Amino acid sequence: MSQSAARARVRLARERRPVLTVLAVAAYLIMIGPVIFVVAVAFTAGSTITFPPEGFSLRWFGAAADYGPFLDGLWTSLLVAAGATVIALAVGVPATLAIHRGRLPGRSVIQNLFLSPIVLPELVLGLALYQQLMVGLGVTASGVLLVGHTLLLLPYAVRVTGASLTLADPALEEAARGLGAGPVTTFFRVTLPVLRPGIAAAAVLGFVTSFNNVPLSLLLQGSGTATLPVAMLQYVQTSYDPVVAAVSVVLLAASVVVAVIAERLVGFNKIFGGIGS
Amino acid sequence: MMDGSDAVVRLAAVSRRFGDVTAVDGVDLAVPAGSLTALLGPSGCGKTTTLRMIAGYERPTAGQIFIDGRDATTLAPEKRNIGMVFQSYALFPHLTVAKNVGFGLKVRGVAREEIRTRVHAALELVGLSDLSGRRPRELSGGQQQRVALARAIAIRPSVLLLDEPLSNLDARLRVQMRAELARIQRESGITTILVTHDQEEALQLADQMVILDSGRVAQAGHPREIFPAPASRFVATFLGYENFLTLPGRGLVTIRPEHVEVLPESDPDPDGGQSRPGTISHITYRGTDSLVTLDVAGETVLAAVKDSDLREGTRVRAVFPDDHVVSLPS
């Protein structure tokens, strides 16, 4: 490239910069604004949701901790998210390996089958599970909830680990075999360690997806199996006070912690880069 | 040399078909102990498939493969004791250099102390002993290549298999690593099979050169035997013979551009060679010489000449010395 062309490009970038800056600031305000509002409200000393908040107190955090359905919901959410993530990975990782490395007939059909829950409306999925499993087979509410969330997470498990498997050099496994490692040793010493960032990314993404899910959890709730988001939704329908804001702040803090850990473990680029490819 | 009695690797009529495509077609090959054999050919000639069959990553659809005198045709790769260096190097990204090199020894159950000694020796051989704690991604391409080589050598393989080992390096490093490879092979004395599409690499490194064309052996032998006497037009083309013409009494022949002499038209026919009148249609200056394109009775002849006072459009005499003219089957 000629020097003058390079200079022209720099000049162009500089001219665009004020517009870009304004847009970026606006975007951040739109994203962060409501969050700031919720955080502020959570620390209010007053008893209604108003902005700016009236004084400062932690009373609504105490109220949230004393409210039974939230604690039960939190416990349910954590159990379901953890259980569904583990099962989805236990099923999804071997399936991914079979799809990518095996010599299966109709690989793309199998892959699409595993990815299909992502395009299926969750309400349809929930209704189907409700009718077939809960009503038809008499599976307990918590069992169906676990199955539903597992189905929800399977596409993530298959897609994200699949992406990191596609990026891995297939010659790695051949190299291990050539060096004298049998298929089992090769799997545990090479394949699995190479996939570890992908599996970690799928786990984080799956856990968060399950934890935040509302439609499926709402449809499949039985007595005592309301997840935290469902419990919050039900609370807001009847009362309008800062308790929900306080819970939201706790969730927000937890999300930040998870994000930081995920970033340290694998890096966001890998997590989100893995989904698109 | 080719009788196969002292061969570490021997292929007997090995073929490999993929659906309707025959990638390797009845290849016979004997690799003598301690030698370096180069499988040479353009892409798609079956050289990599042949190497992968020797390693055990592909099964022949016909024929047999013997390693150390044992029938290895259907043996799994881990049971063959081969050391393969992949084109992509295939270093384990989650392991350090030392752990990569020691991998084959560890899975063989070699004692830790001995692994340490042998890893060190292998890294010493490739000149990387001070980088043993690094991860593969922290190394340059050339260093990764040496690690891959050390990893393959550390297991003391029956045969070292190199799949286009230098193709991912830049030109200068490639020449340097080529010499290095020759040294390492000589010092370690490991029987080696090298796959390459680079004839220079094969000529320089190989004791035995096997040129493959569409899955068949086109010609095999020592580079000094093959280079001056290509057996077919395919081999000649691949080795850089650019002129193909019919001479009276000799039929179809080939000659390298640097052996074609260009004389003034009025000169008499020289001794020990035939000549043809022609016109210079183009001259390309190349620094050490000029490539002269001649039109000889409608045929194009290339001549590399040091003399620079030739002009385009001049009538000249192209001389083909008998010593350098190679007859080909027509």
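Everything quoted here is computed from the prediction, not taken from an experiment.

Quick question: what am I supposed to make of the sheet that holds strand β3 (residues 36-40) of chain B here?
Within a beta sheet, neighbouring strands are joined by backbone hydrogen bonds and run either parallel or antiparallel to one another. Residue and element names in this part refer to chain B. Pairing within the open sheet is mixed, and its six strands lie in the order β6-β7-β8-β3-β9-β10. Whereas interior strands pair on both sides, the edge strands pair on one side only; in this sheet they are β6 (82-85) and β10 (216-221). Adjacent strand axes in the sheet meet at a mean angle of 15 degrees when their direction is disregarded. Sheet analysis places strand β7 (residues 159-163) next to strand β8 (residues 192-196), joined by four bridges and oriented parallel. Its bridge partner lying in β8, D163 is registered against V195. Lying on the sheet, helix α4 (residues 141-154) is in contact with β6 and β7; it crosses β6 at an angle near 175 degrees.

How do you make sense of a positive patch on the surface when you look at a structure like this?
On the surface, R189 and R196 of chain A together with K99, K106, R112, R135 and R137 of chain B cluster together into a patch of positive charge. Those elements giving two or more residues to the positive patch turn out to be α8 (183-212) of chain A together with α2 (97-107) of chain B. With respect to the element layout, R196 of chain A can be found in helix α8. Residue R196 of chain A is classed as exposed on the basis of its relative accessible area, which comes to 55%.

Just checking my understanding: could you explain the confidence of the model for chain A for this structure?
Atomic detail in the predicted coordinates should be set aside for any region of low pLDDT. Averaged over every residue, the pLDDT of chain A is 82; the share at 70 or more is 89%. Least confident of the elements in chain A is helix α12 (residues 268-276) of chain A, whose mean pLDDT is 50; most confident is helix α7 (residues 171-178) of chain A, at 94.

Sorry, what's going on with the pattern of salt bridges here?
Oppositely charged side chains are able to pair whenever their charged atoms sit close together. Residue and element names in this part refer to chain B. Inspection of the entire model under this criterion finds 16 salt bridges over all chains. In this structure, the salt-bridge partner of R178 is E200, at a minimum N-O distance of 3.5 Å. Of this pair, R178 sits in helix α5 (residues 171-188) while E200 sits in helix α6 (residues 199-205), and the two are 22 residues apart along the sequence.

Help me out: how do you make sense of the pairing of strand β9 (residues 208-213) of chain B in this one?
Residues in a regular strand point their side chains to alternate faces of the sheet. All names here are of chain B. Burial of β9 is extensive: five of the six residues sit out of reach of the surface. The pairing of β3 with β9 spans four bridges and is classified as parallel. Within the sheet, the bridge partner assigned to L39 lies in β9 and is V210. Relative to β10, β9 runs antiparallel, the two being bridged by five bridges. Along β10, the bridge assignment pairs D213 with R216.

Can you help me understand the packing of aromatic side chains in this one?
Both the distance between ring centres and the angle between the ring planes are used here to describe each pair of aromatic rings. Taken as a whole and assessed by the stated rule, the structure comprises eleven aromatic pairs over all chains. Here Y57 of chain B and F86 of chain B contribute two aromatic rings whose centre-to-centre distance is 5.9 Å and whose plane-to-plane angle is 40 degrees, an arrangement assigned as tilted. Within this pair, whereas Y57 of chain B is found in the loop between α1 (47-55) and β4 (62-67), its partner F86 of chain B is found in the loop between β6 and α2, the two being separated by 29 residues in sequence. Pair check on accessibility: Y57 of chain B and F86 of chain B agree, each one buried. Their ring planes at 50 degrees and their centres at 6.2 Å tell us that F227 of chain B and Y241 of chain B sit as a pair that is tilted. Here the residue F227 of chain B occupies a position in the loop between α7 (223-226) and α8 (233-238), and Y241 of chain B occupies one in the loop between α8 and β11 (243-247), the gap between them amounting to 14 residues. For F227 of chain B, a relative accessible area of 26% corresponds to the partly exposed category. One aromatic cluster is present, built from ring pairs that chain together F43, F56 and F61 of chain A. Here R233 of chain B stacks its cationic end above the ring of F244 of chain B, 4.2 Å away from the centre of that ring.

Rules used in this analysis
Residues numbered from 1 in each chain as written. Chains lettered and ligands numbered in written order. Predicted model: local features only at pLDDT ≥ 70, side-chain atom pairs only at ≥ 80, totals over all residues. Heavy atoms only, no water. Pairing = 2+ DSSP bridges. Helix = DSSP H or I, 4+ residues; strand = E, 2+ residues; numbered from the N terminus. Axes fitted to C-alpha atoms, helices over the stretch in contact; angles between N-to-C directions. Contact = heavy atoms within 4.5 Å. Patch = residues over 30% accessible without salt bridge, like charges linked within 9 Å, V, L, I, M, F, W, Y side chains within 5 Å. Areas by Shrake-Rupley, 256 points an atom, 1.4 Å probe, with all protein chains shown as cover. Salt bridge = Lys/Arg side-chain N within 4 Å of Asp/Glu carboxyl O. Lys, Arg positive; Asp, Glu negative; His and termini not counted. Charge placed at Lys NZ, Arg CZ, Asp CG, Glu CD. Buried < 20%, exposed > 50% of the residue type's maximum accessible area, 1.4 Å probe, protein only. pLDDT = per-residue confidence, 0-100. Phe/Tyr/Trp six-rings, centres within 6.5 Å; stacked < 30°, edge-to-face > 60°. Lys NZ or Arg CZ within 6 Å of the ring centre and 35° of its normal.

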